[in-house]
Amino acid sequence: MSRDNLLLHIHQVQDELLTMGSMVEQATLKSIECLKKKDIEGAKAIYNADVVINEKRYAIENSILILIATQQPLAHDLRLLAALLEISAEIERMGDYAKGIAKVVVKLGDMDIPLPLREIEEMANLAVDMFHRALTAFINEDPLTARKIPAEDDKIDELYKKVQRAVVQEMVKEAKIIDSVNLFMWVAHNLERMADRV
């Protein structure tokens, strides 16, 4: 295989990675919509669709390993393929966080408890935006943009603490909702962890 052909295959892997990233973005935002609307069936669909994200990861990894084994890439190409391997695993893990949020939605059901949904929605939007820009920066090999993104995680950490405080206040007011509100904290936790992985 010529280097041009190798580059063509690498670009195909990058396209698959972007597709996988888009799937995770959509799953994350949809899981928050399901939380807001108490859409249990929608949450179940997100939960079940996670298998497609997992399959996409393994297909990407398989393609990369075949390229490494058969083409013996050097220097930049090898580093790029190694990075693609690592990033596909990170993206798959972010998909697990969306699946986890969907699981919480199913467990909460139509329970009517006061939850800081505005902050949760803001966390989700910020995390997905960071993720989208980070992945784009990687594909475009744009280190200037990439270097700016980690600092944005501070805003998500602040929102996470705000959610924690609000949740504790609700627990103090009404002890019987402790289990449900504690379950809700996993939503905030998953979004905070997603931003950390970005």
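Along each chain, the written sequence defines residue order, and numbers are assigned to residues from 1. Thresholds applied to this predicted model are a pLDDT of at least 70 for local features of residues and 80 or more for the giving and counting of side-chain atom pairs; totals over whole chains, interfaces and linings are not thresholded and use all residues. The side-chain figures draw on all heavy atoms in the structure; neither hydrogens nor water molecules are used.

**Observations regarding the overall build of the protein chain**
The secondary structure listing takes helices from DSSP runs of H or I that are at least 4 residues long and strands from runs of E that are at least 2 residues long, numbered from the N terminus. Broken down by element type, the protein chain carries seven helices and zero strands. The order of α-helices and β-strands along the protein chain, N terminus first, is α-α-α-α-α-α-α. Dimensions of the protein chain, computed from C-alpha atoms along their principal axes, come out at roughly 65 × 35 × 20 Å. Classification of residues uses two cut-offs on accessible area relative to the type maximum, computed with a 1.4 Å probe and protein chains only: under 20% is buried, over 50% is exposed, and between them is partly exposed. When each of the 198 residues of the protein chain is scored for burial, the buried share is 40%. By element, 54% of the accessible surface of the protein chain is carried by carbon and sulfur atoms, the whole surface being about 10600 Å². Here the positive residues are Lys and Arg and the negative ones are Asp and Glu; neither His nor the chain ends is included. By convention, charge coordinates are those of NZ in Lys, CZ in Arg, CG in Asp, or CD in Glu. Positive and negative side-chain charges in the protein chain, numbering 25 and 33 respectively, have mean positions lying 3 Å apart. To measure how exposed things are, a 1.4 Å probe is used in the Shrake-Rupley method; for residues, cover is taken only from the protein chains shown.

**Quick word on the side chain of Glu92**
Its location among the elements puts Glu92 in helix H3 (residues 75-108). Note on contacts: a residue pair is in contact if any heavy atoms of the two residues lie within 4.5 Å. Apart from the residues within four sequence positions on either side, Glu92 is in contact with Met20, Ile53, Asn54 and Arg57.

**As for the pattern of salt bridges**
Basic side-chain nitrogens of Lys or Arg form a salt bridge, by our definition, when they fall within 4 Å of a carboxyl oxygen of Asp or Glu. Enumeration over the complete set of coordinates arrives at 16 salt bridges. The partner of Lys36 in a salt bridge is Glu33, and the shortest N-O contact between them spans 3.2 Å. Note that Lys36 and Glu33 are positioned in helix H1 (residues 3-37) at a spacing of three residues, about one turn of the helix. Here Lys36 falls in the partly exposed class, since its relative accessible area comes to 32%. A residue is classified by how much of its surface remains accessible, and Glu33, at 30% relative accessible area, is partly exposed. Glu119 is paired through a salt bridge with Lys162; the nearest N and O atoms lie 3.8 Å apart. With Glu119 in helix H4 (residues 117-139) and Lys162 in helix H6 (residues 153-173), the pair connects residues that are 43 residues apart, well separated along the chain. What makes Lys162 partly exposed here is its relative accessible area of 37%.

**Remarks on the side chain of Gln14**
Along the chain, Gln14 turns up in helix H1. Of note is the side chain of Gln14, whose polar atom sits 3.0 Å from the side chain of His11. For Gln14, the residues in contact, after removing those within four places along its chain, are Leu80, Leu84 and Ile139. Any pair of nitrogen or oxygen atoms within 3.5 Å is treated as a polar contact; in protein, a donor-acceptor pairing is required on top of that, and neighbouring residues in sequence qualify only through side-chain atoms on both sides.

**Brief notes about H3**
Side chains three or four residues apart in an α-helix point the same way, a direct result of the helix having 3.6 residues per turn. A helix is expected to span 1.5 Å for every residue after the first. Over its 34 residues, H3 extends 50 Å from the first C-alpha to the last, a length consistent with the 50 Å expected when each residue adds 1.5 Å. Gly109, located one to two residues past H3, shows a positive phi value of around 60°.

**Structural notes on the packing of H1 against H3**
Two numbers describe how H1 lies on H3: the axes approach to 9 Å, and their chain directions differ by 15°. Taken as axis vectors, H1 and H3 run roughly parallel relative to one another. Our pair here, H1 against H3, has a crossing hand that is left-handed. Here the residues of the contact of H1 with H3 sort into 22 nonpolar, six polar and three charged. Every axis in this analysis is a line fitted to C-alpha atoms, fitted for helices over the stretch in contact. Angles between the N-to-C directions lie between 0 and 180 degrees. Angle categories are assigned with fixed cut-offs, so that under 35 degrees is roughly parallel, over 145 is roughly antiparallel, 65 to 115 is roughly perpendicular, and the rest are oblique. Crossings are sorted by hand: turned counterclockwise from the far helix by less than a right angle, the near helix makes the crossing left-handed, and turned clockwise it makes it right-handed. Gly falls in the polar group here, along with every residue not listed as nonpolar (Ala, Val, Leu, Ile, Met, Phe, Trp, Tyr, Cys, Pro) or charged (Asp, Glu, Lys, Arg).

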